[in-house]
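Survey of secondary and tertiary structure
The primary structure of each chain is shown beneath.
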Amino acid sequence: MSPCAPASVSVTSGFDRWLDDQSASASNDGDADAPDAPNAAPDADAPNADSPDPEADPEIPKRFLPYTPFEKQRAFHKSPAKYRLFGGAAGPGKSKALLMEAIVQANDNTGVNTLLLRRTFPELEQSLLLYFRRDVPRELYLNFNDAKHVVTWLNGSTTRFGYCAAENDVYQYQGAEFLFIGIDEVTLFTLRQWQFLTSRNRCPVPGTFPNMAGATNPGNIGHAWVKSLWIDKQPAAGMENPECYDPDDYDFIPARVHDNPIYAADENYLKTLAALPSHLRRAFLDGDWDVFAGQYFDRFDVSRHVARAEEIDWKPWWPRWISIDWGFEHPAATYWHASKPAAAFRTAGVSPAHLPSVGSSVGARHAVPERDAWRDAAHPSASSFSGTGTPACAPLLRRNPSELGSRTTSHSINARGQAEACPTENVKTSSTPHQTVVTYREYVTHRTAPRDLAHEIIARSVAQASACANVTSSAFALHDHDRANSHPREKIDAIYLSPDAFARRTDEASIADQMGDVFAAAGFPRPVPADNDRIGGWMLMYQMLDANEWLLTENCIELIRTIPTLVRDMARVEDVEKMEGDDPADAARYGLKSRYATRAAYATERLPYEARLASRVLSADPTVRAIQARKAQLEEQHRTHFVPRRGR
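Here is a short report on the structure shown in this document. Values in this document were obtained by computation on a predicted structure and should not be read as measured data.

1. Overview of the sheet that holds strand E2 (residues 113–118)
- The eight strands are arranged E3-E4-E5-E2-E6-E7-E1-E8 in an open sheet whose pairing can be described as mixed. Each edge of the open sheet carries a strand with a single partner, namely strand E3 (141–145) and strand E8 (250–255). The mean angle between the axes of side-by-side strands here comes to 15 degrees, regardless of whether they run parallel or antiparallel.
- One ladder, built from four bridges, connects E2 with strand E6 (residues 180–184); its direction is parallel. From the neighbouring strand, Leu117 faces E6, where its bridge partner is Ile183.
- Its contacts with the sheet place helix H5 (residues 128–135) against E2, E3, strand E4 (150–153), strand E5 (158–163) and E6, and it is angled at close to 140 degrees to E3.

2. Brief notes about helix H6 (residues 191–199)
- Residues of H6 that are buried: Leu191, Gln193, Trp194, Phe196 and Leu197.
- Buried residues along H6 sit against strand E1 (83–88), E2, E6, strand E7 (211–216) and helix H7 (223–231).

3. A short note on the pairing of E1
- Among the six residues that make up E1, six are buried, leaving the element largely enclosed by the rest of the structure.
- With six bridges joining them, E1 and E8 adopt parallel strand pairing. Within E8, the residue paired with Gly88 across the bridge is Ala255.

4. Comments concerning the environment of Glu577
- On the secondary structure map, Glu577 appears in the loop between helix H17 (557–562) and helix H18 (583–604).
- As a C-alpha pair, Glu577 and Tyr296 span 281 residues in sequence and 9.3 Å in three-dimensional space.

5. Examining unusual backbone geometry
- Positioned with a positive phi, Glu185 is a non-glycine residue whose angle comes to about 55 degrees.
- Tracing the backbone through its elements, the reader meets Glu185 in the loop between E6 and H6.
- Classification of Glu185 by relative accessible area gives buried; the value is 14%.
- Of note in this structure, Arg447 is not a glycine but carries a positive phi near 55 degrees.

6. Some details on the nonpolar core
- Of all hydrophobic cores here, the largest spans 35 residues; its most connected members are Phe297, Trp538, Trp550 and Leu559.
- Ala332, Ile458, Ile495 and Phe519 belong to the second largest nonpolar core, which has 30 residues in total.

7. Details of the pairing of strand E17 (residues 550–553)
- Going residue by residue along E17, you find Trp550 and Leu552 tucked away on one face and Leu551 and Thr553 tucked away on the opposite face as well.
- Bridge analysis of strand E9 (residues 306–307) against E17 gives two bridges, and the strand direction is parallel. Looking across to E17, one finds that Ala307 is bridged to Thr553.

8. With respect to the pattern of salt bridges
- Within this structure, the stated rule accounts for 30 salt bridges.
- The residue Arg534 makes a salt bridge to Asp575 at a minimum N-O spacing of 3.1 Å. Here Arg534, found in helix H16 (residues 534–546), pairs with Asp575, found in the loop between H17 and H18; they are 41 residues apart in sequence, far enough to count as distant. Both residues of the pair, Arg534 and Asp575, belong to the buried class.
- Taken together, the shared-partner salt bridges in this structure form one network comprising Arg534, Arg572, Asp575, Lys578, Asp582, Asp586 and Arg589.

9. Brief notes about the environment of Tyr173
- In this structure, Tyr173 sits in the loop between E5 and E6.
- According to the relative accessible area criterion, Tyr173 is buried, its value standing at 5%.
- Once residues within four sequence positions are removed from consideration, Tyr173 is found in contact with Leu115, Leu117, Arg160, Gly162, Tyr163, Cys164, Phe178, Leu197 and Arg200.

10. Regarding the sheet that holds strand E14 (residues 436–445)
- Read from one edge to the other, the open sheet built from seven strands follows the order E9-E17-E14-E11-E10-E15-E16, with strand pairing classed as mixed. With one partner strand each, in any of the chains shown, E9 and strand E16 (528–529) form the two edges of the open sheet.
- Of the pairings in the sheet, the one linking strand E15 (residues 494–497) to E16 comprises two bridges and is parallel in character. Considered in E16, the bridge of Leu497 is made with Pro529.

11. A word on the packing of helix H2 (residues 71–78) against helix H3 (residues 94–108)
- The geometry of H2 relative to H3 is characterised by a closest axis approach of 10 Å and an angle of 40 degrees between their N-to-C directions. Between H2 and H3, the angle falls in the class oblique. The chirality of how H2 crosses H3 is right-handed. Along the contact surface, H2 presents Gln73, Phe76 and His77, while H3 presents Lys96, Ala97, Leu98 and Glu101.

12. A short note on the packing of aromatic side chains
- In total, this model carries 24 aromatic pairs according to the counting rule given.
- With centroids separated by 5.2 Å and ring planes inclined at 40 degrees, the aromatic side chains of Phe132 and Tyr141 adopt a geometry described as tilted.
- Tyr141 sits in the buried class, given a relative accessible area of 9%.
- Aromatic pair Trp194 and Trp230: ring centres 5.3 Å apart, planes at 75 degrees, arrangement edge-to-face. Of this pair, Trp194 sits in helix H6 while Trp230 sits in helix H7, and the two are 36 residues apart along the sequence.
- With a relative accessible area of 3%, Trp194 lands in the buried category.
- Over the ring of Phe209 we find Lys82, and its NZ or CZ is 5.9 Å from the ring centre.

13. Examining H7
- Of all nine residues making up H7, eight are buried, and the element is well covered by its neighbours.
- Restricting attention to buried positions, one finds in H7 the residues His223, Ala224, Trp225, Val226, Lys227, Ser228, Leu229 and Trp230.
- Looking at the packing, one finds that the buried side of H7 touches E1, H6, E8 and H17.

14. Considerations on the packing of helix H14 (residues 450–460) against helix H15 (residues 511–521)
- Here H14 crosses H15 at 40 degrees, and the two axes come no closer than 8 Å. In this structure, H14 crosses over H15, and the sense of that crossing is right-handed. Listed contacts from H15 to Pro450, Arg451, Leu453, Ala454, His455, Ile457 and Ile458 of H14 are Ile511, Gln514, Met515, Val518 and Phe519.
- Of the residues belonging to the contact of H14 with H15, the class tally is nine nonpolar, two polar and one charged.

Basis of the calculations
- Residues numbered from 1 in each chain as written.
- Predicted model: local features only at pLDDT ≥ 70, side-chain atom pairs only at ≥ 80, totals over all residues.
- Heavy atoms only, no water.
- Pairing = 2+ DSSP bridges.
- Helix = DSSP H or I, 4+ residues; strand = E, 2+ residues; numbered from the N terminus.
- Axes fitted to C-alpha atoms, helices over the stretch in contact; angles between N-to-C directions.
- Contact = heavy atoms within 4.5 Å.
- Buried < 20%, exposed > 50% of the residue type's maximum accessible area, 1.4 Å probe, protein only.
- Core = buried A, V, L, I, M, F, W, Y, C linked by side-chain atoms within 4.5 Å.
- Salt bridge = Lys/Arg side-chain N within 4 Å of Asp/Glu carboxyl O.
- Parallel < 35°, antiparallel > 145°, perpendicular 65-115°, else oblique.
- Left-handed = near helix turned anticlockwise from the far one by under 90°.
- Phe/Tyr/Trp six-rings, centres within 6.5 Å; stacked < 30°, edge-to-face > 60°.
- Lys NZ or Arg CZ within 6 Å of the ring centre and 35° of its normal.
- Nonpolar A, V, L, I, M, F, W, Y, C, P; charged D, E, K, R; others polar.

Printed below as a string of structure tokens:
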């Protein structure tokens, strides 16, 4: 049928009423007039949903949009929120719902523009454009410009299909106005792209309501900000004006494959989803926003790696240090860390099975402390015991690195603080406690001058509960020279600052010098450049989490929220993709990598050949272990003599 004049055809008359009329028509006409299948065209003789009285003007031809939404799709279409998110799992009809939303809004309002986006053109071709060509009858639109991917509807409105492969591709829409913007797989977009597109979501036509919608599965580069805005209902990290966030503007309509009648009965497809690896299955089948494809720290588990500070038996002799990721326009993140022995948990009223297990060889490799950092003989309370009550072997890291060379036995400390010998192989295979790093305090701020930031860090480095965020007053025993002070400070061994702070200047002094002057005046050490080996740092963090040798206290809110959202860089798969809001993770990486990189190498070089290989094979997965073993052998073949870094 040839296209008709815009004045002679109306496709819909309000999406809410259209949906209700579709439902009423199906129920009144009975099975004979009902669509044969979901999303199929209604009967040609069914009443037209465009008008409450189909006989009002028999000269006007009627057009039907062949779309009968499922229950979850209806909930998405009827949501009154300004920003909607639909999906969360694979197969609930997300893309189809997004396409139909744009079509109906364009046809319901004369002379408006709508926009549908994917991240790349191949993705656009395989989803939204495919559904449009297949499911939208030709008589419903005036023309389709295949070169510009723009549909012109019978009432003069348009729907544009676009993509934003590069970060700055969103600026091609600068100056444009769209009543509706729909983004398919919105987690492939960045927060900055989303925020810019919201500025294009406007319409001069009176009585219209500009709105946006996204459809997605968990995962990918935008997982963190999408989860914050729609799932956690809080401002996303990287938002310049978080105080402007209104949770009432955001509505999440969760849907899974079982909500789609087409796939709910497809045993083969369900079987395929069920056979996926655990993280993919939880994301695509269950719509789990806490685990997803591409996640770097897939071993991070709040129940294992986060503890209440009151559960830790803090001691004043534990080494403590600070790591800082400097930022002004980007947030500045600061973390306080401490090295603790494994038996530092207060077990009163807590079952040992629920305490974090810290037994593996990673600590011996990555956590070689300073001389006399541990004084177990003088402090029997720090002794280590296995879960069965038998004395466990003390970790190798409790001795100087020079003593690690050819030892064939390890030692444990009995209840009287006396050393007992036990075989070294037990250290490797049993649940032997090792030194654990506790990240116990965070400070994340925005647009804070260097000297002011240093003052804030000093103010928080006190050994009292009032400034320690959930840490009791007994958690930090005071040194003798601090007892007279009203706010005694912790003894900080080192401050690791992001390397760019040593090169950047805001006045005559560098940022590092400005902060260093404030720290020195307060008796703190001057900051030193942090180790910025990204791949080595992320791997170290992963291994320590895998071995339960890195623990976070629950007040480190931003870090706990950030770590699970980090994804792999598609170009450098061993690295983490840079993203908005990754500053807390960078600051934590500085703290772990800068502290232990050189000491770990120093200790490992003195181990026998077999022990050096074993120290690199850490994963519980057999395939990963084989890869790590082969990589370790190759590294040993090209091994050069280790020279300790001067001053370490």
